[in-house]
Amino acid sequence: MVSNLVSALSDNVSVDTEKCLGCGECVDRCILDNLRLEQAPCGHACPLEINAQGYAQLIKRGQPEDALRQIYKKTPFAGLLGYLCNHPCETACSRNEVDQQGVSLRALKRYLYETVSLAPEYTPECTAKGRCAIIGGGPAGLSAAWYLAQAGCEVTIYEAEEQLGGIPAQAIPAFRIPDEVLRQQCALVTDLGVTVHTGVRVGTDLPFQAVLDEYDAVFVATGAPAARRLPQDTGTLEGLHYALDFLRQAKKGVCAGVGFQVLVVGGGDVAIDAAQVAKRMGAEEVTILSLETLDQLPASADTLREAQQAGIHLSCGWGVQSIEAEGNRVRGIKARQCVQVYDQEGRFAPTYDDSVQRDISADTVILAIGQQTDLDFLAGAVAVEQNQIQSDPLCRQSNQAKVFAGGDCVSGPNTLVHALADGRRASESILRYLNGDDVSYGRDNSQAYLHDFEVDLTAGSPAARIDTTQGGGERTLTEEEAQTEASRCLGCGKPIGYRKTCWMCLPCEVQCPQDALTIKIHYIMA
């Protein structure tokens, strides 16, 4: 018996944490706005908002098919994520507070993709008829194409290169993601009947205005394919490469030899991949030179560990003073000490101590200093600032109502998971646009989530994180390892009563997919 019904209207929510996945379905179903989701940090950090807690808990319980369905609720591209995601979820994972080792969530995705035979399942919330053009066949373009085709649109992709997949297919080495995985992921789109024109560069082979005139909606997802160049690079030197070009050539098998000593300039994952490829091509000595100190390197900890296992050296805190050459052949660089990479506002603004310099010899120098967009093909038809297309961050619509844009051409060089999220977000906007609906109405549900709450740090198993690095790459977890790794998850997300507005109407309880939530019904007796 409860003496105060009003106070009971939020206290009557009972959650079985052994069953709950923190999916938020109950919060979405609450018609009186009483429930809030204490969202697990992993899901909050994921641009796709994948319920990582959910699939980890289901793996632990021996339900891998249901676990994979948790990923498919947000994207069909589990293979791309399982191999290539930069896993911001792991950085945010509450498990880091226990032993500084977040749950290996990307490895769990890869395990599910490799071991569960289950096609993506998707029922579109709305359908639309219309002809949609997608310029760029990378992750953002593929993501938008899949959702639009599923919803009934006639979709055509224009891809400048000779194959779909963007940078993952063109430049990321096979030891990072097998070609067969890339083929399977691209087939998710082509099997839906999407028309694909490869080797067609919009702006060169086909005017952008012609695309605008022919299609009802256009999604621009051309990425950031152009290499940033050093001011010291005054021309083409033999033995001097830019990283993505080097990786593209290596993947095609047309790259010349790299010599004995290789120097890679840069500190990101692309630099690590270039160094690994050079090592596998026969270089005896491979060094990565970075502006950042070791603890500042943008490359992920996993790729750094793989590189060090492969015998690649790291030389941190140095920048390029000049590129040294003998005739038309690169012979190394003169480096100067970098004393600060970012200014007080966090902007990239390196400063150097020119009194501290060193000469570094190399037969091959590979520059991995970033990428930039190439948007000349738009010919002023869409608003561009600082070489990035201006599009609304919520719905990805540009100043041209029928033109949407996402991925690196909007944000600058970013991650695969951001590109996939932009493609999905843009597809929803395009469907609304084609149906004559408001493209942004009701799409911001951030008020339904809480992120400042106490986590039970004793909930997970005491097991240590499983190391999946192997031979300079990564391996797939076994079933036993996957369950062990998943058991480390603290299951920290859960719904709570919040506003004392519950009137025990029960849709939240009835619709809970795990039967984890119960509403206690209190009766006041006179």
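These figures come from a predicted structure and were not determined experimentally.

About the criteria used
Positions within a chain are numbered from 1, following the residues in the order the chain's sequence is written. Local features in this predicted model are restricted to residues whose pLDDT is 70 or higher, and side-chain atom pairs enter the listing and the counts only when it is 80 or higher, whereas totals over whole chains, interfaces and linings include all residues. Calculated side-chain values reflect all of the structure's heavy atoms, with hydrogen atoms and water omitted. Each pair of aromatic rings taken from Phe, Tyr and Trp, with Trp reduced to its six-membered ring, is defined by centres within 6.5 Å and is described as stacked if the planes are under 30 degrees apart, edge-to-face if over 60, and tilted in the remaining cases. Classification of residues uses two cut-offs on accessible area relative to the type maximum, computed with a 1.4 Å probe and protein chains only: under 20% is buried, over 50% is exposed, and between them is partly exposed. Two conditions define a charge located above a ring, namely a distance within 6 Å from the ring centre to NZ of Lys or CZ of Arg, and an angle within 35 degrees of the ring normal. Two strands make a pair as long as DSSP finds a minimum of two bridges between them. Helix and strand definitions follow DSSP, with helices as H or I runs of at least four residues and strands as E runs of at least two, each counted in order from the N terminus. Just to be clear on terms, a salt bridge is a Lys or Arg side-chain nitrogen sitting within 4 Å of an Asp or Glu carboxyl oxygen. Handedness is read with the strands pointing away from the viewer; a crossover is right-handed when the path from the first strand over the helix to the second is clockwise. Simply put, an axis is a line fit to the C-alpha atoms, just over the touching stretch for a helix, and the angle between two N-to-C directions goes from 0 to 180 degrees. For our purposes a nonpolar core is just a set of buried Ala, Val, Leu, Ile, Met, Phe, Trp, Tyr and Cys residues, chained together by side-chain atoms within 4.5 Å. Side-chain atoms alone can form a polar contact between residues adjacent in sequence; in general such a contact is a pair of N or O atoms within 3.5 Å, and within protein one must be able to donate a hydrogen while the other accepts it. What makes two residues a contact is simply this: any of their non-hydrogen atoms within 4.5 Å. Put simply, angles under 35 degrees are roughly parallel, angles over 145 are roughly antiparallel, angles from 65 to 115 are roughly perpendicular, and the rest are oblique. In this scheme the crossing of two helices becomes right-handed for a clockwise turn of the near helix relative to the far one and left-handed for an anticlockwise turn of less than a right angle. For this scheme, ten residues count as nonpolar: Ala, Val, Leu, Ile, Met, Phe, Trp, Tyr, Cys and Pro. Four count as charged, namely Asp, Glu, Lys and Arg, and the remainder, Gly too, count as polar. By definition, disulfides here are pairs of cysteine sulfur atoms that lie within 2.5 Å. Nonpolar side chains (Val, Leu, Ile, Met, Phe, Trp, Tyr) are joined into patches within 5 Å and like charges within 9 Å, using only residues with over 30% relative accessible area and no salt bridge. Residue burial considers only the protein chains on display, and all accessible areas are found by Shrake-Rupley using a 1.4 Å probe. One less than the residue count of a helix, multiplied by 1.5 Å, gives the span that helix is expected to have.

**A short note on the packing of aromatic side chains**
Across all of its chains, the model carries seven aromatic pairs by this definition. Geometrically, the ring pair formed by W146 and Y147 is edge-to-face, given 5.1 Å between the ring centres and 90 degrees between the ring planes. The same class applies to W146 and to Y147, which are both buried. An aromatic cluster of three or more residues is present, and its members are Y122, W146 and Y147. The cationic tip of R358 hangs over the ring face of W318; the distance from NZ or CZ to the ring centre is 5.1 Å.

**Points about the pairing of strand β11 (residues 313–316)**
Side-chain direction in a regular strand flips from residue to residue, so the side chains alternate between the two faces of the sheet. Both strand β10 (residues 285–290) and β11 contribute to a ladder of four bridges, which runs parallel. By the bridge assignment for β11, I288 is matched with L314.

**Some points on the pattern of salt bridges**
Across all of its chains, the model carries 33 salt bridges by this definition. Linking E121 and R69 is a salt bridge whose minimum nitrogen-to-oxygen distance equals 3.3 Å. Of this pair, E121 sits in the loop between α9 (105–115) and β3 (131–135) while R69 sits in helix α5 (residues 64–72), and the two are 52 residues apart along the sequence. A relative accessible area of 41% means that E121 is categorised as partly exposed.

**Some thoughts on the pairing of β3**
Burial of β3 is extensive: four of the five residues sit out of reach of the surface. Where β3 and strand β4 (residues 154–159) come together, five bridges link them in parallel fashion. Looking at the pairing, A133 lines up with T156 of β4. What joins β3 to β4 is helix α10 (residues 139–150), and the crossover it makes is right-handed. Bridge analysis of β3 against strand β6 (residues 217–220) gives four bridges, and the strand direction is parallel. From the neighbouring strand, C132 faces β6, where its bridge partner is A217.

**Some thoughts on the sheet that holds β4**
Read across the sheet, five strands follow the order β5-β4-β3-β6-β19 without closing on themselves; strand pairing throughout is parallel. This sheet does not close on itself; its edge strands, each paired only once, are β5 (195–198) and β19 (403–405). Recorded for the sheet is a direction-independent mean angle of 20 degrees between the axes of neighbouring strands.

**Some words on the nonpolar core**
Within the largest apolar cluster, 79 residues are counted, with the highest numbers of intra-cluster contacts made by Y55, I59, L105, L108, L112 and F219. Membership of the second largest hydrophobic core comes to 26 residues, among which are A171, V258, A275 and L297.

**Points about unusual backbone geometry**
Phi at Q386 is positive, roughly 50 degrees, even though this residue is not glycine. Relative to the elements of secondary structure, Q386 occurs in the loop between β17 (384–385) and β18 (388–389). Residue Q386 is classed as exposed on the basis of its relative accessible area of 78%. Although it is not a glycine, K500 adopts a positive phi angle of roughly 55 degrees.

**Some details on the side chain of S487**
Topologically, S487 is positioned in the loop between α19 (479–486) and β23 (494–497). Look at S487 and you get buried, because its relative accessible area is 17%. One polar contact links the side chain of S487 to the main-chain carbonyl oxygen of T484, over a distance of 2.5 Å. Apart from residues lying up to four places away in sequence, S487 is in contact with K60, G460 and S461.

**Section: the packing of helix α15 (residues 269–280) against helix α16 (residues 301–309)**
Relative to each other, α15 and α16 sit at 20 degrees, their axes nearing to 10 Å. Here α15 is positioned roughly parallel relative to α16, judged by the angle of their axes. Crossing of α15 over α16 shows left-handed handedness. For the pair α15 and α16, contact is made by D269, I272 and Q276 and by T303, L304, E306 and A307, respectively. Each residue belonging to the contact of α15 with α16 can be placed in one class, and the counts come to three nonpolar, two polar and two charged.

**A few points about the packing of helix α4 (residues 52–60) against α5**
Interhelical geometry of α4 versus α5 gives an angle of 175 degrees and a closest axis separation of 8 Å. The angle between α4 and α5 places the two elements in the roughly antiparallel class. Note on element contacts: α5 touches α4 through P64, D66, A67, Q70 and I71, opposite G54, Y55, L58 and I59. Taken together, the residues that form the contact of α4 with α5 break down as six nonpolar, two polar and one charged.

**Things to note about the sheet that holds strand β15 (residues 364–367)**
Taken in spatial order, the five strands line up as β8-β15-β9-β10-β11 in an open sheet, and their pairing is parallel. Strands with a single pairing partner mark the edges of an open sheet, and in this sheet they are β8 (240–242) and β11. Between one strand and the next, the sheet's axes are offset by a mean angle of 20 degrees, whatever the strand orientation. In the sheet, strand β9 (residues 261–265) pairs with β15 via four bridges, with the strands oriented parallel. Along β15, the bridge assignment pairs V262 with T364.

**Looking at the state of the cysteines**
On inspection of all chains with the given rule, the structure shows zero disulfides. Considering cysteine sulfurs only, C492 is the nearest to C42, which forms no disulfide, with 6.0 Å between them. Of all cysteine sulfurs in the structure, the one in C338 sits closest to C316, which takes part in no disulfide; the separation is 11 Å. Residue C316 is classed as partly exposed on the basis of its relative accessible area of 25%.

**Focus: a nonpolar patch on the surface**
On the surface, I31, L32 and W503 cluster together into a nonpolar patch covering about 350 Å² of accessible area. Here I31 shows up in the loop between α2 (25–29) and β2 (35–38).

**So, helix α18 (residues 416–434)**
In this model, α18 (19 residues) spans 27 Å end to end at C-alpha, consistent with the 27 Å of a helix rising 1.5 Å per residue. The buried count for α18 comes to 14 of 19 residues, which makes it a mostly enclosed element. Remark: G436 follows α18 within two positions and exhibits a positive phi of approximately 75 degrees.

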